[in-house]
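Next come the chains, spelled out residue by residue.
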Amino acid sequence: MKDILTAPFLTELVRTCANMYAHGWDERNGGNISVLLDKKDVKKYLDVKKVLRTMPTGFSAPALDGRYFLVTGTGKYFKNVPYDPAANLGLVRLADGGETAELLWGFTDGGRFTSEFPAHMMSHAARLSVDPDNRVVMHCHPDSLLAMTYVHDLDERAFTRTLWQMETECIVVFPEGVNVLPWMLCGTNEIGEATAEKMKTARLVIWAQHGIYGAGRDLDETFGLIETAEKAAGIYMKIAHLPWKQTLTDADLHLLEERFGVKARDGYLS
Ligand SMILES: [Zn+2]
């Protein structure tokens with residue numbers, strides 16, 4: 001059996017947590033990540049029959065029964081993940097239709113998965129229903145996107161169009177746009193279900209006055225999605241109060257669609 005601390009799925013998650021903290025997106029215990037793992041990869045490092053303890057999840061997710069997830073812990077600080085991955089992260093397998101999480105590794109100080117586990121697992125199920133290759137769900141608190149939810153209309157089409165206009169790359173990176181939820185109480189099954197519903201049509205879901213959820217096929221893709229949207233929001237917050245002389249027009253955005261072979265969300269461009 002190989003040492004799990006050398007597993008690429010683990011070292012990549014550790015690096016990503018450190019990078020997100022360095023970006024200022026995960027103050028204190030803010031932010032959480034879950035990664036869906038393949039059983040054959042887990043078996044290289046762990047005896048999957050050896051369950052350390054079980055934890056109720058508080059929700060049901062039959063579509064994810066038997067699936068393996070590497071997930072950040074509740075109350076844990078991203079800045080500390082590189083120094084003690086085994087205390088700050090856990091590897092769990094869902095059982096009983098998703099109602100139980102079986103801990104196979106990690107949470108060594110008696111901890112448990114992120115309080116946003118329902119939103120993560122429901123989002124995984126929703127993304128897998130539209131993209132069987134989705135593996136990552138990531139939540140964090142990037143400054144500019146958060147700031148934008150105070151001053152910009154929360155209408156999804158309007159919010160998306162503004163981001164697309166702030167940087168040429170945006171429509172190429174997220175042609176499906178961003179979906180937006182109004183402020184809701186976090187940590188609940190209700191916000192989990194609402195986020196998952198929004199995840200069916202976009203990989204980015206803004207939580208107004210809170211942060212953002214991203215989903216993707218790997219950590220790089222998911223990080224890059226949030227990074228690009230946050231960059232655009234940063235530009236918006238720099239110029240929103242200034243008189244604009246020009247912006248990217250719908251004709252420009254159509255040229256980008258053609259050049260990069262992407263299709264903007266239906267009805268979002270004129
Ligand atoms: Zn949060």
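Just so it is clear, the model here is predicted, and its values are computed rather than measured. Counting restarts for each chain: residues are numbered from 1 in the order of the written sequence. Where totals are concerned, whole chains, interfaces and linings use all residues; where local detail is concerned, this predicted model gives features only for residues with pLDDT of at least 70, and gives and counts side-chain atom pairs only at 80 or more. Neither water nor hydrogens contribute to the side-chain values; these are computed over all heavy atoms in the structure.

Looking at this structure, how should I read the coordination of the zinc ion?
Ideal coordination angles are 109.5 degrees for a metal with four donors arranged tetrahedrally and 90 or 180 degrees for a metal with six donors arranged octahedrally. With water omitted from the atoms examined, metal sites may look incomplete; donors here are N, O and S atoms no farther than 2.8 Å from the metal, or 3.2 Å in the case of Na, K and Ca. Bound to the zinc ion on the protein side are H139 (NE2), H141 (NE2) and H210 (NE2), at distances that span 2.1 Å. Written as a sequence motif, the donor arrangement for the zinc ion is H-x1-H-x68-H.

Could you clarify how one ought to interpret the packing of aromatic side chains in this entry?
Geometry of an aromatic ring pair is reported as the spacing of the ring centres plus the angle between the planes. Pairing of aromatic side chains here covers Phe, Tyr and the six-membered ring of Trp, requires ring centres within 6.5 Å, and sorts the geometry by plane angle: under 30 degrees stacked, over 60 edge-to-face, intermediate tilted. This structure, assessed with the given rule, holds 6 aromatic pairs. Ring centres of F59 and F117 lie 5.9 Å apart, and the angle between their planes is 55 degrees; on these two criteria the pair is classed as tilted. On the criterion of sequence distance, the pair formed by F59 in the loop between β2 (53–56) and β3 (68–72) and F117 in helix α4 (residues 117–130) is long-range, its members being 58 residues apart. Only protein chains enter the calculation, and the probe is 1.4 Å; a residue is then buried if its accessible area is under 20% of its type maximum, exposed if over 50%, and partly exposed in between. With relative accessibility at 5%, the residue F59 sits in the buried group. Here the aromatic rings of W164 and Y268 are separated by 6.1 Å at their centres, their planes lie at 55 degrees, and the arrangement is tilted. In this pair, W164 is assigned in helix α6 (residues 156–166) and Y268 in the segment after α10 (250–260), connecting sequence segments 104 residues apart. Side by side, W164 and Y268 carry an identical accessibility label, which is buried. Grouping aromatic residues by their ring pairs yields a cluster made of F59, F113 and F117. Charge over a ring is defined by NZ of Lys or CZ of Arg lying within 6 Å of the ring centre and within 35 degrees of the ring normal. Cation over ring: R259 sits above F260, and NZ or CZ is 5.1 Å from the ring centre. The way it works is that DSSP assigns letters per residue, a run of H or I at least four long becomes a helix, a run of E at least two long becomes a strand, and they are numbered from the N terminus.

What should I look at first to understand the environment of K231 in this one?
Mapped onto the fold, K231 is located in helix α9 (residues 219–239). The exposure class of K231 is partly exposed, given its relative accessible area of 49%.

Help me understand the packing of α4 against helix α8 (residues 189–199), please; the structure alone is not making it clear to me.
The angle between the axes and the distance between the axes are what describe a pair of packed helices. Contact geometry of α4 with α8 gives a least axis separation of 8 Å together with a crossing angle of 25 degrees. By the criterion of interaxial angle, the relationship of α4 to α8 is roughly parallel. Our pair here, α4 against α8, has a crossing hand that is right-handed. In this structure, α4 uses P118, A119, M122, S123, A126 and R127 to contact α8, whose residues at the interface are N189, G192, E193, T195, A196 and M199. Residues were grouped as follows: Ala, Val, Leu, Ile, Met, Phe, Trp, Tyr, Cys and Pro as nonpolar; Asp, Glu, Lys and Arg as charged; and all remaining residues, including Gly, as polar. In terms of residue class, the contact of α4 with α8 is made up of 6 nonpolar, 4 polar and 2 charged. All axes are obtained by fitting lines to C-alpha atoms, using only the stretch in contact for helices, and the reported angles, taken between N-to-C directions, cover 0 to 180 degrees. Roughly parallel covers angles under 35 degrees, roughly antiparallel covers those over 145, roughly perpendicular covers 65 to 115, and oblique covers all other angles. Each crossing is labelled by how the near helix is turned from the far one, with a counterclockwise turn of less than a right angle marking it left-handed and a clockwise turn marking it right-handed. Only heavy atoms matter for contacts: two residues are in contact if any of them lie within 4.5 Å across the pair.

Keep in mind these values describe shape, not function.
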